[in-house]
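Here is what each chain is made of, one letter per residue.
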2 protein chains.
Amino acid sequence: MKATGIIVEYNPFHNGHLFHLQEAKKQTQADVIIAVMSGSFLQRGEPALLPKWERAQMAVDAGVDLVIELPFHFATQQAAIFANGAIEILGALETDSIFFGSENGDANVFSSAAKLMTEQSVLFKASMRRFLDDKANSYATAWNAAFHELAPDLTLDLAQPNNILGFHYALAIAEQGEKIKIATMARQNAAYHDTDPTHHSIASATAIRTMLLANDWEKARQYVPDSTLFLLQKFRETHSFVSWDDFWPLLKYQLITAPAAQLQNIRGVSEGIENRLQQAALHAASFDEFLAAATTKRYSNSRIKRTALQILAQQTETTIPTQNYIRLLGISAIGQQYLRQVKKDIELPIVSTASKASPALIENDIRATKLYSFAPTLENQILRDFHASPYRRT
Amino acid sequence: MKATGIIVEYNPFHNGHLFHLQEAKKQTQADVIIAVMSGSFLQRGEPALLPKWERAQMAVDAGVDLVIELPFHFATQQAAIFANGAIEILGALETDSIFFGSENGDANVFSSAAKLMTEQSVLFKASMRRFLDDKANSYATAWNAAFHELAPDLTLDLAQPNNILGFHYALAIAEQGEKIKIATMARQNAAYHDTDPTHHSIASATAIRTMLLANDWEKARQYVPDSTLFLLQKFRETHSFVSWDDFWPLLKYQLITAPAAQLQNIRGVSEGIENRLQQAALHAASFDEFLAAATTKRYSNSRIKRTALQILAQQTETTIPTQNYIRLLGISAIGQQYLRQVKKDIELPIVSTASKASPALIENDIRATKLYSFAPTLENQILRDFHASPYRRT
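An unreviewed UniProt entry annotates chain A as tRNA(Met) cytidine acetate ligase of Listeria rustica. In its Catalytic activity (unreviewed entry) section, UniProt records this for chain A: "cytidine(34) in elongator tRNA(Met) + acetate + ATP = N(4)-acetylcytidine(34) in elongator tRNA(Met) + AMP + diphosphate".

## Overview of the packing of aromatic side chains
Residue and element names in this part refer to chain B. Tallied over the full model, the rule gives 35 aromatic pairs over all chains. Here W248 and F287 contribute two aromatic rings whose centre-to-centre distance is 6.5 Å and whose plane-to-plane angle is 65°, an arrangement assigned as edge-to-face. Here W248, found in helix α12 (residues 248–257), pairs with F287, found in helix α15 (residues 287–294); they are 39 residues apart in sequence, far enough to count as distant. A single burial state applies to W248 and to F287, both of which are buried.

## Some thoughts on the environment of G177 of chain B
Residue and element names in this part refer to chain B. Along the chain, G177 turns up in the loop between α8 (161–176) and β5 (181–186). Given a relative accessible area of 49%, G177 falls into the partly exposed group. In the structure, G177 is positioned 157 residues away from H20 in sequence and 26 Å away in space, judged by C-alpha atoms.

## Focus: the relation of the copies chain A and chain B
For the pair chain A and chain B, the best superposition has an RMSD of 0.0 Å and corresponds to a rotation of 180° with a translation of 0.0 Å parallel to the axis. With respect to symmetry, the two chain copies, as superposed, fit the operation of a two-fold axis. In terms of proximity to the rotation axis, the leading residue of chain A is L250 of chain A, whose C-alpha is 3.2 Å off the axis. Interface overlap between copies is the fraction of interface residues in one copy that are interface residues in the other; for chain A against chain B it reaches 100%, indicating a shared surface.

## Observations regarding the pairing of strand β3 (residues 66–70) of chain A
Residue and element names in this part refer to chain A. The buried fraction of β3 is high, at five of five residues. Of the two faces of β3, the one holding L66, I68 and L70 and the one holding V67 and E69 are both buried throughout. In terms of strand pairing, strand β2 (residues 32–38) meets β3 through five bridges, oriented parallel. Across the sheet, I34 pairs through a bridge with L66, a residue of β3. Relative to strand β6 (residues 326–332), β3 runs antiparallel, the two being bridged by four bridges.

## Observations regarding the side chain of D65 of chain A
Residue and element names in this part refer to chain A. Mapping D65 onto the fold places it in the loop between α2 (52–61) and β3. The buried charged residue D65 lacks any salt bridge, with K25 as its nearest oppositely charged partner at 4.3 Å. A polar contact is formed between the side chain of D65 and the backbone nitrogen of I33, at a distance of 2.8 Å. Side chain to side chain, D65 and S332 meet in a polar contact 2.7 Å long. Excluding residues that lie within four positions of it along the chain, D65 makes contacts with K25, D31, V32, I33, G330, I331, S332, I334 and G335.

## Side note on the side chain of T319 of chain A
Along the chain, T319 of chain A falls in the loop between α16 (301–312) and β6. Only 2.8 Å separates the side chain of T319 of chain A from the backbone oxygen of T316 of chain A, close enough to count as a polar contact. Ignoring any residue separated from it by four or fewer positions in sequence, one finds T319 of chain A in contact with Q314, N364 and R367 of chain A together with P259 of chain B.

## Looking at helix α9 (residues 205–213) of chain A
Residue and element names in this part refer to chain A. Most of α9 is tucked away: seven of the nine residues are buried. The inward-facing, buried residues of α9 contact α10 (217–220) and α11 (226–238). Trailing α9 by a residue or two, N215 shows a phi angle of about 60°, which is positive.

## Examining the packing of helix α2 (residues 52–61) of chain B against helix α11 (residues 226–238) of chain B
All names here are of chain B. Relative orientation of the contacting elements α2 and α11 amounts to 160°, with a least axis distance of 9 Å. When the interaxial angle is binned, α2 and α11 end up roughly antiparallel. In this structure, α2 meets α11 at a crossing whose hand is right-handed. Contact residues: E54, Q57, M58 and D61 in α2; S227, T228, L231, L232 and F235 in α11. Looking at the contact of α2 with α11, its residues break down into four nonpolar, three polar and two charged.

Cut-offs used in this document
Residues numbered from 1 in each chain as written. Chains lettered and ligands numbered in written order. Predicted model: local features only at pLDDT ≥ 70, side-chain atom pairs only at ≥ 80, totals over all residues. Heavy atoms only, no water. UniProt positions renumbered as here; feature names shortened; annotations may be inferred. Phe/Tyr/Trp six-rings, centres within 6.5 Å; stacked < 30°, edge-to-face > 60°. Helix = DSSP H or I, 4+ residues; strand = E, 2+ residues; numbered from the N terminus. Buried < 20%, exposed > 50% of the residue type's maximum accessible area, 1.4 Å probe, protein only. Least-squares fit on C-alpha atoms with pLDDT ≥ 70 in both. Contact = heavy atoms within 4.5 Å. Pairing = 2+ DSSP bridges. Lys, Arg positive; Asp, Glu negative; His and termini not counted. Salt bridge = Lys/Arg side-chain N within 4 Å of Asp/Glu carboxyl O. Polar contact = N/O pair within 3.5 Å; in protein donor to acceptor, adjacent residues only side chain to side chain. Axes fitted to C-alpha atoms, helices over the stretch in contact; angles between N-to-C directions. Parallel < 35°, antiparallel > 145°, perpendicular 65-115°, else oblique. Left-handed = near helix turned anticlockwise from the far one by under 90°. Nonpolar A, V, L, I, M, F, W, Y, C, P; charged D, E, K, R; others polar.

Right, here's the structure in full:
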């Protein structure tokens, strides 16, 4: 059996994801689809709209064979770290290929760029530092300029969010020495940030979240599979959807009371960004106000949100686990067959039920779940995450 | 002019305090009454029912001449530290005497006990350690037993809360080499913890808070002076009274997400008490539930609340200011006259308006105010505490 890996957030699952899934199977000729999925908190520094358990079930019901949780300390970080964690998991699961959407759409370009970068990393880092010396450059701008200097002939626009992720997948594969093949398709229709869907059945996750938070089910239903719609509605009967607003008082409290030295220990806090965040928090009455006050050209909206999330979750260097692991959230019949096939060769610990896992392994992710449970109606997520078995579809 | 000092919380001011005030003046023959008062948070590890500004005005309106704020890092600590900070302020203000209520009622006993203790401190500490080795002993019990061993002939029951405080005032005076005379009166009527007032005009602050939180103004009005009642009612028109319940979600969040090493750095956290607090927080739905789950014979209710408050306010050893200061909250015409008289000799910095003070001096108390402002309707306290002038009654 041959597996292809996809790296996802499914916040929530929608028709664009379904199309991506079908293309992955078609283009890679894989028998098995493995999705590495963020848990309660996402790469852009946001809480997920609904728990990972519902999102894993959406994935399996739509055709994914294995859903693995990407641990918090990878899932909420910039592309390089995010990609490293996900590729390590896919490599351990003996994935034959990965498949991702990108603005570029040419797999060879990603491989070449990654090869060039591993061979020229010293040159690249020096170039990066030079561009970052100009305080007007954001990290992404500097990165792009440095890359263009190194490879003027490669047409890979790294200002595009999916190109960046794809590039880091390729780079992580090269750096980790994995044999995973790269497959990509050009993204069509809704760009990630679009809030006004124009396509008749595909809209961005951002647009769909806006509909769901506004309870506009009539509109939302055309953009998600029926199985997803069912799970969203079932969840919504007894719970609220989650957003940063639910955590705003806690973030504000943390920013206002934490001693400066403590904030400086948080991952991603550097260059005095903590002062900027503290000032913004003191005068803001909502998370949106805070974000507007803190964002600058140098500190992008994503950088601020990601840093705010690390502060909220009190992530210091000492809380970073030393060991990656494979946390099963959902599995199909084919997924079970595949897991039996590769199980003996998997070099990462496999966790089916958190309560049976080594506490040190899962501690940081359990803390993330405890934090997530502060959102209204989600108190039960702590016990659920500790005791639940993966969703099985047979 | 001759001043006597009192050390108070006024949470809120009531008829018992008024009586204490009148006795202080009568028994010490003082022209001036100086009250050192806790700010937003109190010695038993609780937020004050209403802001220090209203409480200072109550005091001045009832006859206090100077109200000075006891900084947070003294005000929220056990008796020894609490007393040290307050006596340092009263000493700096050239106070002739202090006057306090006690269960014992004999000033000579307090002086003798303090003298004995400064002379025999090594012996006492060894004895203390021995009693604390028995895990069934609370800190107070061990203290009492060690003291009795040292001075079997002194009839000073240090299991009584006001005796403990009075003893530490006397001890601080002896240790700091101050020339402050000691005066005390035996406490009558409502013991501190009584919730059922039996006297016709005097009830404990605890009982009065219960009435006020229940909006039982008819009952409360007989136990507080009219000037206090007026201020309480005026405050209540646009604000809520404050209680631990207002801070419970923040405490729970902090206990659940803070790394263990960070909690261990908090003042008062030792012997693994952080694990007990974390476990209790995880399963509690309210502050009362938390308190009930965390309290044991060894860890008293007060110890738990005080530790919880230090955790909530993120008080580490590095946040403790190195310098005490005199923060004026309220002043009468006589108080102004007195201040002019002693001003040139005062060795502590005087702060009339926080915005004009050295930031390092007031930083920790401003943080405490920011924390207090998380209580509903109190957002305005941050600006107020930064810019307000002392309440003046001319």
